[in-house]
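# Summary of the model geometry
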Amino acid sequence: MKPEIASTNWNELYETGATPWDKGLPTPVLAEVQQRHPDLLKGDVVVPGCGTGSDARWLAAQGCQVTGVDLAPLAIERAQKLDEAQLAQYVQASLFELPASLIEQFDLAWEHTCLCALDPSLRTPYVKGIRDALKPGGTVVGVFFIDPEMDPGETGPPFGITPEELTGLWEEAGFTVQESWVPETGYPGRVGRERVLIAVKGEAKSAVKS
Ligand SMILES: C[S@@+](CC[C@H](N)C(=O)[O-])C[C@H]1O[C@@H](n2cnc3c(N)ncnc32)[C@H](O)[C@@H]1O
């Protein structure tokens, strides 16, 4: 069943410039991950919710074959324009309805501020989308926004998630969590509020079967 897409109109946010997440630079956490695991970021990589593609371009510049996927047509258009050297490819699609051409194509998924952008009710479909995109035994690596520091009564996006919920989300989907840590780097103001998680795709449990 197709999940309800949360009411956020992402394309409109790009149209009006209401995109505080878009720093125009890759997250510094990518370099930290690469330094810690020099052999991890390689092969065919999908970046779900890639936005204007800063992370996708960084990964492609390291030698990965990168496909950025985003729901918002304007994000994809800008990602393509910014990628003058055409290092990566960009596809306008929903993670919840991936085209057949993106199914089981990727060794690695790089997650950064896509999960936290989604209503918590969409977390299981989000994990299923990543599962579907990965080859058997593929790896998801992500920097997850644990603590968006909301004021009392304020709701997301971004939606925070506890470290325990984050691990449980992937394990419930049949991933084996290999490592998780609080990165020492990050965009200004985010250090200490994010968590990196590395997990490998295994057999799906009932909730996320294809
Ligand atoms: C908070 S933004 C982060 C963008 C990018 N990762 C960055 O850090 O600049 C969330 C992105 O997820 C995209 N998005 C939301 N729902 C999606 C879905 N179902 N499938 C693919 N992309 C989605 C939005 O269009 C938006 O570009």
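Relevant structure appears above.
Let me begin by describing the structure that accompanies this report. (Residues numbered from 1 in each chain as written. Predicted model: local features only at pLDDT ≥ 70, side-chain atom pairs only at ≥ 80, totals over all residues. Heavy atoms only, no water.)

What follows concerns the site of the ligand. Close to the ligand lie 17 residues; Tyr14, Gly49, Asp70, His112 and Thr113 are nearest. Leu71 places a main-chain nitrogen or oxygen 3.2 Å from a nitrogen atom of the ligand. Contact distances for the ligand include 2.9 Å between a nitrogen atom and a backbone N or O atom of Leu95. (Near = heavy atom within 4 Å. Polar contact = N/O pair within 3.5 Å; in protein donor to acceptor, adjacent residues only side chain to side chain.)

Below, the discussion takes up the side chain of Ser54. You can see Ser54 is positioned in helix H3 (residues 54-61). Once residues within four sequence positions are removed from consideration, Ser54 is found in contact with Gly24, Leu25 and Pro26. (Helix = DSSP H or I, 4+ residues; strand = E, 2+ residues; numbered from the N terminus. Contact = heavy atoms within 4.5 Å.)

With that out of the way, let us pick up the nonpolar core. Soluble, globular proteins show a tendency: their nonpolar side chains are buried together. Membership of the largest hydrophobic core comes to 30 residues, with the highest contact counts inside it found for Tyr126, Ile130, Leu166, Trp170 and Phe175. Only strand E4 (106-112), helix H5 (123-133), strand E5 (134-145), helix H6 (163-172) and strand E7 (194-201) provide two or more residues apiece to this core. With four residues, the single largest contributor to this core is H5. Not counting the four nearest positions on each side in its chain, Leu166 is found in contact with Leu115, Phe144, Ile146, Ile161, Arg195 and Leu197. (Core = buried A, V, L, I, M, F, W, Y, C linked by side-chain atoms within 4.5 Å. Buried < 20%, exposed > 50% of the residue type's maximum accessible area, 1.4 Å probe, protein only.)

Here we have seven strands laid out as an open sheet, ordered E3-E2-E1-E4-E5-E7-E6, and mixed in their pairing. Edge positions in the open sheet fall to strand E3 (89-92) and strand E6 (175-181), since each of these has one partner strand only. For this sheet, the mean inter-axis angle between neighbouring strands, taken without regard to orientation, is 20°. The sheet contact formed by strand E1 (residues 44-48) and E4 spans two bridges and is parallel. What sits directly across from Val46, in E4, is Ala109. Sitting on the sheet, helix H4 (residues 73-82) is in contact with strand E2 (65-70) and E3, with an inclination near 165° to E3. On top of the sheet, H5 reaches E1, E4, E5, E6 and E7; it is set at about 140° to E5, its chief contact. (Pairing = 2+ DSSP bridges. Axes fitted to C-alpha atoms, helices over the stretch in contact; angles between N-to-C directions.)

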